Amino acid sequence: MRYDWLIVGAGLCGAVFADRMREAGRNCLCIDRREHIGGNIYTEEKKGIQVHRYGAHIFHTSDRAVWDYVNRFAEFNGFVNSPVAIYGDELYNLPFNMNTFSKMWGIRTPAEARRMIERQKREAEEELGAASCGGSLREPANLEEQALSLVGRDVYEKLVKGYTEKQWGRSCTELPAFIIRRLPVRFTYDNNYFSDRYQGIPVGGYTQIAEKLLAGTELRLGVSYREFMGETTDTFDKVLYTGMIDEYFEYCYGELQYRSLRFEEEILEGCDNYQGNAVVNYTRREVPYTRIIEHKHFEFGTQPDTVITREYPAAWHRGDEPYYPVNDESNGRLYKKYAQLAAAEKNVLFGGRLGRYQYLDMDKVIAETLAMAERELNSSC
């Protein structure tokens, strides 16, 4: 057959693009190397609970157009992400707010919290040392120095250091400062992790959204792009590629770096509530996982059983699942070389987290994909 578009990847970017093209009367074929649609937002039901197979996905946006768009495909509940962090036998609320500071320092007022943080920041600045010219401080040389200059030693040591080192697989003194250009600090008793106006979880999980987005689009699952192109006799006017951009170009400039994840799922029969919260972070480096997700709490479940997932950060090697682009300076330079190749590639678009080598929240993926689709449709008029 001849298709207007080959869409490589049935995740959120590919599915949104397919939906928009179908609405415009374009004929599309979507392929994915996984055996299911939805990419990393894929959910599956176990014990009556929607399980997020690839980690917690909480939808949040301040973009009303994106919110209206996703509500065409599912009803969203009122879930608000309010994770907690465990450091040894201590438990803290996230993000850093008055509940956090009250527990950490035994204080009650924003003024007390501000004074404590400012004092610890000054101490950190003294550790960094003043430059000889004009008495100004030198720029933080690594992530540890950056974090200390933003929130001081206590918050850094208990809630940033271990978690970050597990996530990236390196000491904070070996990570670039710009990874945390800022750390959100709130002087209110508000545990809402996101500040976006619209938040929630789709009732019944995310897979239904992918199914509706891809309705009317031909699907072929369990096949990689290279395998498919080597076997197919179909033809395509254009391609949307949402896989790894360096893989598309056969790593001709070398591999971009990624971080991967490993998930350990456990069904706890007869336990109706394991941890009392959807997401609990473990911030000591000695604990091998970064967080435990209890999926039923995303939809305020009352089932007699529960399902939990421990999330382990992992080094990425070719063939592993890439979750997080390592957006440091060296990888940024390498990506620019691949982006130049992509710009010169005729009739091929690159989209999504892997195609753009950039971590993107779900609402940003949707907004950028819709804009990309409109540009393509307008250019073909």
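Residues numbered from 1 in each chain as written. Predicted model: local features only at pLDDT ≥ 70, side-chain atom pairs only at ≥ 80, totals over all residues. Heavy atoms only, no water.

(A) Seen up close, helix α5 (residues 143-168). If you check α5, its first and last C-alpha atoms are just 11 Å apart, much less than what 26 residues at 1.5 Å a residue would give, namely 38 Å. The axis of α5 is deflected most strongly, by about 120°, at Gly152. For α5, a buried count of 20 out of 26 residues is recorded, marking the element as mostly surrounded by other parts of the structure. For α5, the N-terminal cap is Asn142; the gap from its side-chain oxygen to the backbone nitrogen of Glu144 is 3.1 Å. Just beyond α5, the residue with positive phi is Gly169, at close to 70°. (Helix = DSSP H or I, 4+ residues; strand = E, 2+ residues; numbered from the N terminus. Expected span 1.5 Å × (residues − 1). Bend = angle between axes of the 7 residues up to and from the residue. Buried < 20%, exposed > 50% of the residue type's maximum accessible area, 1.4 Å probe, protein only. Polar contact = N/O pair within 3.5 Å; in protein donor to acceptor, adjacent residues only side chain to side chain.)

(B) Structural detail: the pairing of strand β6 (residues 84-87). With four bridges connecting them, β6 and strand β7 (residues 90-93) associate as antiparallel partners. When the sheet's bridge partners are listed, Ile86 is paired in β7 with Leu91. What sits between β6 and β7 in their antiparallel hairpin is a turn of two residues, with Gly88 showing a positive phi close to 65°. As judged from the three bridges shared by β6 and strand β12 (residues 279-282), these two strands associate in the parallel manner. Counted as the bridge partner of Val84 is Val280 from β12. (Pairing = 2+ DSSP bridges.)

(C) How the structure looks around the side chain of Glu144. Tracing the backbone shows Glu144 in helix α5. Here Glu144 is buried and forms no salt bridge, its nearest opposite-charge partner Arg153 lying at an N-O distance of 5.0 Å. Setting aside residues up to four positions removed in sequence, Glu144 forms contacts with Tyr156, Lys161, Cys172 and Thr173. (Lys, Arg positive; Asp, Glu negative; His and termini not counted. Salt bridge = Lys/Arg side-chain N within 4 Å of Asp/Glu carboxyl O. Contact = heavy atoms within 4.5 Å.)

(D) Unusual backbone geometry, seen in detail. A cis amide bond links Leu94 with the next residue in sequence, Pro95, at an omega value of -5°. Inspection of the secondary structure puts Pro95 in the loop between β7 and α3 (98-105). Positive phi, normally seen in glycine, also occurs at Tyr357, with a value near 50°. Relative to the assigned elements, Tyr357 resides in the loop between α10 (352-355) and α11 (362-379).

(E) Representation of the packing of aromatic side chains. Inspection of every chain in the model, using the stated rule, returns 29 aromatic pairs. Residues Phe59 and Trp67 carry aromatic rings whose centres are separated by 6.2 Å and whose planes lie at 35° to one another, so their mutual orientation is tilted. We note that Phe59, like Trp67, is buried. Between Phe249 and Phe350, the aromatic rings sit 5.7 Å apart at their centres with planes inclined by 25°, giving stacked as the arrangement. Of this pair, Phe249 sits in the loop between α8 (245-248) and β11 (258-268) while Phe350 is found in strand β16 (residues 348-350), placing the two residues 101 residues apart along the sequence. Considered together, Phe249 and Phe350 belong to a single accessibility category, that of buried residues. Clustering of aromatic rings is evident, with ring pairs tying together Tyr225, Tyr241, Tyr248, Phe249, Tyr253, Tyr338 and Phe350. The cationic tip of Arg284 hangs over the ring face of Tyr87; the distance from NZ or CZ to the ring centre is 5.2 Å. (Phe/Tyr/Trp six-rings, centres within 6.5 Å; stacked < 30°, edge-to-face > 60°. Lys NZ or Arg CZ within 6 Å of the ring centre and 35° of its normal.)

(F) Spatial organisation of the environment of Glu218. Of note, Glu218 is situated in strand β9 (residues 218-221). Note on Glu218: relative accessible area 31%, which makes it partly exposed. Placed 188 residues apart in sequence, Glu218 and Cys30 show a C-alpha to C-alpha distance of 6.1 Å. Not counting residues up to four positions away in its chain, the partners in contact with Glu218 are Met1, Tyr3, Cys28, Leu29 and Cys30. A polar atom in the side chain of Glu218 sits 2.5 Å from the side chain of Tyr3. Reaching out from Glu218, the side chain makes a polar contact with the side chain of Arg220 at a distance of 3.1 Å.

(G) Representation of the side chain of Glu311. Position of Glu311 among the secondary structure elements: in strand β14 (residues 306-315). Of the residues examined, Glu311 reaches a relative accessible area of 2% and is grouped as buried. Residues contacting Glu311, with those up to four places away along its chain left out, are Gly55, Leu261, Arg262, Phe263, Tyr289, Thr290, Arg291, Ile293 and Tyr324.

(H) Looking closely at the packing of α3 against helix α4 (residues 110-128). Their axes nearest at 10 Å, the elements α3 and α4 cross at an angle of 70°. Looking at the two axes, α3 sits roughly perpendicular to α4. Each of Met98, Phe101 and Trp105 in α3 lies in contact with α4, whose residues at this interface are Pro110, Ala113, Met116, Ile117 and Gln120. Here the contact of α3 with α4 is built from residues that sort into seven nonpolar, one polar and no charged. (Axes fitted to C-alpha atoms, helices over the stretch in contact; angles between N-to-C directions. Parallel < 35°, antiparallel > 145°, perpendicular 65-115°, else oblique. Nonpolar A, V, L, I, M, F, W, Y, C, P; charged D, E, K, R; others polar.)

(I) Focus on the nonpolar core. Of all hydrophobic cores here, the largest spans 53 residues; its most connected members are Leu6 and Phe101. By residue number, the principal contributor to this core is α5, which donates nine residues. The contact partners of Phe101, leaving out residues within four places of it in the chain, are Phe96, Gly106, Ile107, Ala113, Ile117, Val155, Val185, Arg186 and Phe187. Core analysis: the next-biggest nonpolar cluster, separate from the first, contains 46 residues, Cys13, Phe17, Ile37 and Ala56 among them. (Core = buried A, V, L, I, M, F, W, Y, C linked by side-chain atoms within 4.5 Å.)

(J) Structural view of the pattern of salt bridges. Using the criterion set out here, one finds 30 salt bridges in the structure. Glu165 is paired through a salt bridge with Lys161; the nearest N and O atoms lie 3.3 Å apart. Pair noted here: Glu165 and Lys161 are both in helix α5, with a separation of four residues, about one helical turn. You can call Glu165 buried: its relative accessible area is 4%. The partly exposed category is assigned to Lys161, whose relative accessible area is 23%. Close ionic contact of Glu376 with Lys238 constitutes a salt bridge, the shortest N to O distance being 2.8 Å.

Keep in mind these values describe shape, not function.
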